[in-house]
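In case you want the letters, here they are:
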Amino acid sequence: MSKFWSDVVHRLTPYVPGEQPKLDNLVKLNTNENPYGPSPKVIEALKLEAAESLRLYPDPNSDALKAAIAKAHNLNANQVFVGNGSDEVLAHVFQALLKHSRPLLFPDITYSFYPVYCGLYDIEYQAIPLADDFTINVDDYDQPNGGIIFPNPNAPTGIPLALVKIEKLLKSNTQSVVVIDEAYVDFGTESAVGLINRYSNLLVTQTLSKARSLAGLRVGYALGSPELIEALIRVKDSFNSYPIDRFASAGAIAAMQDVAYFEETCSKVVATRESLIKELTNLGFDVLPSGANFIFAKHKNKDGAELTAMLRQKNIIVRHFKAPARIAPYLRITIGTESQSKALIESLAELLV
Ligand SMILES: *Cc1c(COP(=O)(O)O)cnc(C)c1O
């Protein structure tokens, strides 16, 4: 508390990111990073960029990057907005498109940054409870609102929502924007990007942090009608003219273009996920269905907090959420390499005897 702080700062409850421990030899399965490095073509592009002049500002409009993203998704460049990680893109989305007199709707169990942005931008929201099986029921969102947002697959549950349900929501909710946060969509969830040309109320956000293994580069984007994209550009140009630096642009373009590497690494993660689910089930875990690069699992007789602490003793870090109480028994486990998966299973087998 300080007399120098503005009112909004006094009222903020900032987001708490997963830990980035400064230790080696950890099996780090807590922040949904990709265990495989980025495409070798990304590294080449970054080296080339380093040889060029960093003296100059980057392109404020990121035209080359937008063109590469548009091409990858079969859209036009005026349907693409880019930002410094999809968290920054989402921040602009909240301010530009989701702040209205009616409340914003999102699930009670979801990405915990959403209520944080509501606090920052003073947006009223209503949390809609997930069903008992942790799924989203789109009919629950059929009420007057200032916007709707949820991740697909949802976080931290990992549960995917079928595209037909999203389309139903877009048809019933025509008076406000529906934002689908597709941070994890490439690990086996159906994308809503193909609906963009038919629904002007749809905005999809994606990131290069997860499937393209570039969490450290900070690039995310939004896809939608030019009308929605223009709102985001207006906010961005009132905030930071150059959110995408020269490295981020060069690396992200190379990543979007290397489709083969992207597909190969995503399928490796999905294969590891499926075998991990089987092994955890054998060890007495109940694992929710996952369309993501992580799983949400609870053990039949060991508490989530206790298991997290025990794994830490064995240098394995997973994520645990204390609240809400309904998810406290669960662990969120990022899918790592095959050998990390093996280390996790071996440790759990020892801990659970
Ligand atoms: C990781 C994540 C993001 C943001 O990722 P960036 O690294 O900021 O691009 C957005 N939404 C969800 C649900 C996420 O898990």
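Note that the structure is a prediction, hence the values are computed from the model and not measured.

Asks: When you look at the overall build of the protein in this model, what are you seeing that I'm missing?
Replies: Looking only at helices and strands, the protein features 11 helices and 12 strands. For the protein, whose C-alpha radius of gyration is 20 Å, the value lies close to the compact-globule estimate of 20 Å for 353 residues. Its C-alpha atoms give the protein principal-axis dimensions of roughly 60 × 55 × 50 Å. The burial tally for the protein puts 54% of its 353 residues in the buried class. Considering only residue pairs separated by 6 or more positions, the protein has 73% of its internal contacts joining residues 24 or more positions apart. Charged side chains of the protein number 34 positive and 39 negative; the gap between the two group centres comes to 3 Å.

Asks: Hey, could you run me through the pattern of salt bridges in this one?
Replies: A side chain of one charge can pair with a side chain of the opposite charge if their charged atoms are brought near each other. Counting across every chain of the model gives 10 salt bridges. The closest approach of N and O atoms between Asp108 and Arg326, which form a salt bridge, is 3.4 Å. Linking Asp108 in the loop between β3 (104-107) and α5 (113-121) with Arg326 in the loop between β11 (316-318) and β12 (330-334), this pair joins segments that are 218 residues apart in sequence. Between Lys236 and Asp237 there is a salt bridge, and its shortest N-O distance comes to 2.8 Å. When its relative accessible area of 6% is taken as the criterion, Lys236 is described as buried. Residue classification places Asp237 among the partly exposed positions, given a relative accessible area of 42%.

Asks: Any chance you could explain unusual backbone geometry here in plain terms?
Replies: Most peptide bonds adopt trans geometry, and most residues besides glycine take a negative phi value. The amide bond that connects Ala155 to the next residue, Pro156, takes the cis arrangement and shows omega of 0 degrees. Note on placement: Pro156 falls in the loop between β5 (147-151) and α6 (163-172). In this structure, Pro324 follows Ala323 across a cis peptide bond, with omega equal to -5 degrees. Structurally, Pro324 is set in the loop between β11 and β12. Backbone geometry at Asn315 places phi at a positive 65 degrees, although glycine is not the residue there. Along the chain, Asn315 turns up in the loop between α10 (304-313) and β11.

Asks: Hey, could you run me through the site of the ligand in this one?
Replies: Every residue near the ligand is listed here: Gly85, Ser86, Asp87, Leu90, Tyr111, Asp181, Ala183, Tyr184, Thr207, Ser209, Lys210 and Arg218. Residue Thr207 places a side-chain N or O atom 2.5 Å away from an oxygen atom belonging to the ligand. The contact in question runs from an oxygen atom of the ligand to an N or O atom on the side chain of Lys210, over 3.1 Å. Against a free-state accessible area of 390 Å², the protein chains account for coverage of 93% of the ligand. Looking at which element gives the most residues to the shell around the ligand, the answer is helix α4 (residues 85-97), with four residues. Here the residues of the shell around the ligand are counted per class, giving four nonpolar, four polar and four charged.

Asks: It is not clear to me how α6 should be interpreted in this structure. Could you clarify?
Replies: Since the α-helix advances by 3.6 residues per turn, residues separated by three or four positions end up pointing in the same direction. Listed as buried for α6 are Leu163, Ile166, Glu167, Leu169 and Leu170. Angular distribution of buried residues about the axis of α6 spans 160 degrees; they occupy a single face of the element. Exposed side chains of α6 directed beyond 90 degrees from the buried face belong to Val164 and Lys171.

Asks: Explain a nonpolar patch on the surface to me, please; I cannot follow it from the model alone.
Replies: On the surface, a nonpolar cluster with roughly 670 Å² of combined accessible area is contributed by Met1, Phe4, Trp5, Val9, Leu12 and Leu120. Residue placement: Met1 occurs in the segment before α1 (7-11). Take Met1: its relative accessible area is 81%, and that puts it in the exposed class.

Asks: Explanation requested: the pairing of strand β2 (residues 80-83) in the structure shown.
Replies: Remember that side chains alternate between the two faces of the sheet whenever the strand is regular. Residues of β2 alternate between two faces, with Val80 and Val82 on one and Phe81 and Gly83 on the opposite face, all of them buried. Inspection of the sheet shows β2 paired to strand β8 (residues 220-224) by four bridges, in the antiparallel sense. In the sheet register, Gly83 faces β8, and the bridge partner there is Gly220.

Asks: Just to check I follow, could you spell out the packing of helix α2 (residues 40-51) against helix α8 (residues 246-257) for this structure?
Replies: How two helices pack is summed up by the angle between their axes together with the distance between the axes. At a minimum axis distance of 8 Å, the contact between α2 and α8 shows a crossing angle of 150 degrees. In terms of axis orientation, α2 runs roughly antiparallel to α8. For the element pair α2 and α8, the recorded crossing hand is right-handed. Along the contact surface, α2 presents Lys41, Val42, Ala45, Leu46, Glu49 and Ala50, while α8 presents Arg246, Phe247, Ala250, Gly251, Ala254 and Ala255. In terms of residue class, the contact of α2 with α8 is built from eight nonpolar, one polar and three charged.

Calculation criteria
- Residues numbered from 1 in each chain as written.
- Predicted model: local features only at pLDDT ≥ 70, side-chain atom pairs only at ≥ 80, totals over all residues.
- Heavy atoms only, no water.
- Helix = DSSP H or I, 4+ residues; strand = E, 2+ residues; numbered from the N terminus.
- Rg over C-alpha atoms; globule rule 2.2 N^0.38 Å.
- Buried < 20%, exposed > 50% of the residue type's maximum accessible area, 1.4 Å probe, protein only.
- Contact = heavy atoms within 4.5 Å.
- Lys, Arg positive; Asp, Glu negative; His and termini not counted.
- Charge placed at Lys NZ, Arg CZ, Asp CG, Glu CD.
- Salt bridge = Lys/Arg side-chain N within 4 Å of Asp/Glu carboxyl O.
- Near = heavy atom within 4 Å.
- Polar contact = N/O pair within 3.5 Å; in protein donor to acceptor, adjacent residues only side chain to side chain.
- Areas by Shrake-Rupley, 256 points an atom, 1.4 Å probe, with all protein chains shown as cover.
- Nonpolar A, V, L, I, M, F, W, Y, C, P; charged D, E, K, R; others polar.
- Arc of directions from axis to C-beta.
- Patch = residues over 30% accessible without salt bridge, like charges linked within 9 Å, V, L, I, M, F, W, Y side chains within 5 Å.
- Pairing = 2+ DSSP bridges.
- Axes fitted to C-alpha atoms, helices over the stretch in contact; angles between N-to-C directions.
- Parallel < 35°, antiparallel > 145°, perpendicular 65-115°, else oblique.
- Left-handed = near helix turned anticlockwise from the far one by under 90°.

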